[in-house]
Amino acid sequence: MPPYRLVASDIDGTLIREDGTLSRRTLDVIHALPVPLVLVTGRPVRWLRQLYDQMPEPVPAVCANGAVVYDPDTDEILRADPLSIDLLLDVSKRLREAVPDIALAVEVEDGRKFWYEETWPVRWEADNDNVRVLATPEELTSAPAVKLLARSANHEPGPFFELISQTLAGVAETTHSSKSALVEISATGVTKAAGLAWLCERQGIQASEVIAFGDMPNDIPLLTWAGHSVAMGNAHPAVREVADEIGRTNDEDGVAIYLQEVFGL
C-alpha cells in the first residue's frame with residue numbers, strides 16, 4: 001500500500017520552476033502517482049489555466065489560500081468561503097486608517113475576476129472583462145471577495161505584514177507569499193489547510209494520510225496540518241522551521257524527486 005493517500009502541493013516556488021514550467025520529470029511523476037494530486041495555492045481560479053495547459057489532465061485545486069475548492073473537470077466551484085460585504089467594509093476601513101497610502105484589490109466571483117484600485121502598483125495581466133480598475137473606492141466592497149489584497153509603496157515587506165496582521169487580529173486571516181509588501185487577507189478560519197481538509201473529508205482521507213509540499217508562509221497551515229510536510233530547498237525560513245523535512249529546490253524538481261523516492265516511481 002502507498003504510504004500516503006493524497007499528495008498536496010503548492011504551485012509557485014514549489015511544483016513549477018522559476019520560469020513557470022513543469023519539468024518533464026515532474027510531469028512523468030504526476031502521471032505515475034498511484035494517489036491523487038491536489039494543487040493547494042494562493043492563485044485564483046483564473047490563473048490555473050497556465051498550469052493545466054502543461055498537464056495531460058487537470059487536477060483538483062484549492063485556490064485563493066483555501067477560500068475556493070475547484071473541480072477542473074466540470075469547471076465547478078465545489079466550495080467558496082469569501083469575505084462578506086460587511087466584513088470587507090470593516091476590514092478596508094481598518095486598513096485605510098492604519099496605512100493611509102494603502103492600495104487594495106479584491107478577487108471576486110470565486111476568483112474568476114480581479115478588481116483593483118487606481119493606486120495598485122502592479123498590473124498582473126492585461127485589462128479585460130475579468131480584470132479591471134475600480135471606478136470608485138466603494139466598488140471594492142460591492143461584492144463578496146474570496147481574497148482581499150493590500151499593498152504599500154512605503155513599507156518594507158516584513159513590517160508591513162506585521163502591521164496589517166496586528167490591525168486585523170481577530171477580524172480576518174492574514175498571510176503572505178510574496179517578497180514584496182503584499183499581504184493576502186481571507187475570512188477568519190480560511191487557510192490552505194481548511195480548504196484541503198474540507199476536500200479530504202469528502203473523500204474519506206485523514207490528515208495523517210496526506211503529504212504536503214510548500215515554500216512560503218501561506219503554506220504553513222497546510223504543512224502543519226498534513227501528516228507529513230516537506231519544505232522546498234528554496235523555502236522561506238518560517239516554512240523550513242515547521243516542515244518535517246527540507247527537500248530540493250523547485251528548480252531542482254524537488255517535489256518530483258521526493259515523490260519518486262516515497263512511492264518508488
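The following refers to the structure shown. Nothing here was measured: the structure is a model prediction, and the numbers come from that model.

### Considerations on unusual backbone geometry
Although it is not a glycine, N65 sits at a positive phi angle of roughly 60 degrees. Within the secondary structure layout, N65 lies in the loop between β3 (61-63) and β4 (68-71). Overall, the relative accessible area of 4% leaves N65 in the buried class. Unlike most non-glycine residues, D110 shows phi in positive territory, near 60 degrees. Considering the arrangement of structural elements, one finds D110 in the loop between β6 (103-108) and β7 (113-116). With a relative accessible area of 28%, D110 lands in the partly exposed category.

### Brief notes about the sheet that holds strand β5 (residues 76-80)
Taking strand neighbours across the sheet as the criterion, the eight strands line up as β5-β4-β3-β2-β1-β12-β13-β14 in an open arrangement whose pairing is mixed. Of all the strands in the sheet, the pair left with one neighbour each is β5 and β14 (245-246). The sheet contact formed by strand β2 (residues 37-40) and β3 spans two bridges and is parallel. In the strand pairing of β3, V40 is matched with V62. Against the sheet, helix α6 (residues 192-203) touches β1 (6-9), β2, β3, β4, β5 and β12 (210-214), its axis set at about 115 degrees to β5. Seen against the sheet, helix α9 (residues 254-263) touches β1, β12, β13 (228-231) and β14 and runs at an angle of roughly 160 degrees to β12.

How each quantity is defined
- Residues numbered from 1 in each chain as written.
- Predicted model: local features only at pLDDT ≥ 70, side-chain atom pairs only at ≥ 80, totals over all residues.
- Heavy atoms only, no water.
- Helix = DSSP H or I, 4+ residues; strand = E, 2+ residues; numbered from the N terminus.
- Buried < 20%, exposed > 50% of the residue type's maximum accessible area, 1.4 Å probe, protein only.
- Pairing = 2+ DSSP bridges.
- Contact = heavy atoms within 4.5 Å.
- Axes fitted to C-alpha atoms, helices over the stretch in contact; angles between N-to-C directions.

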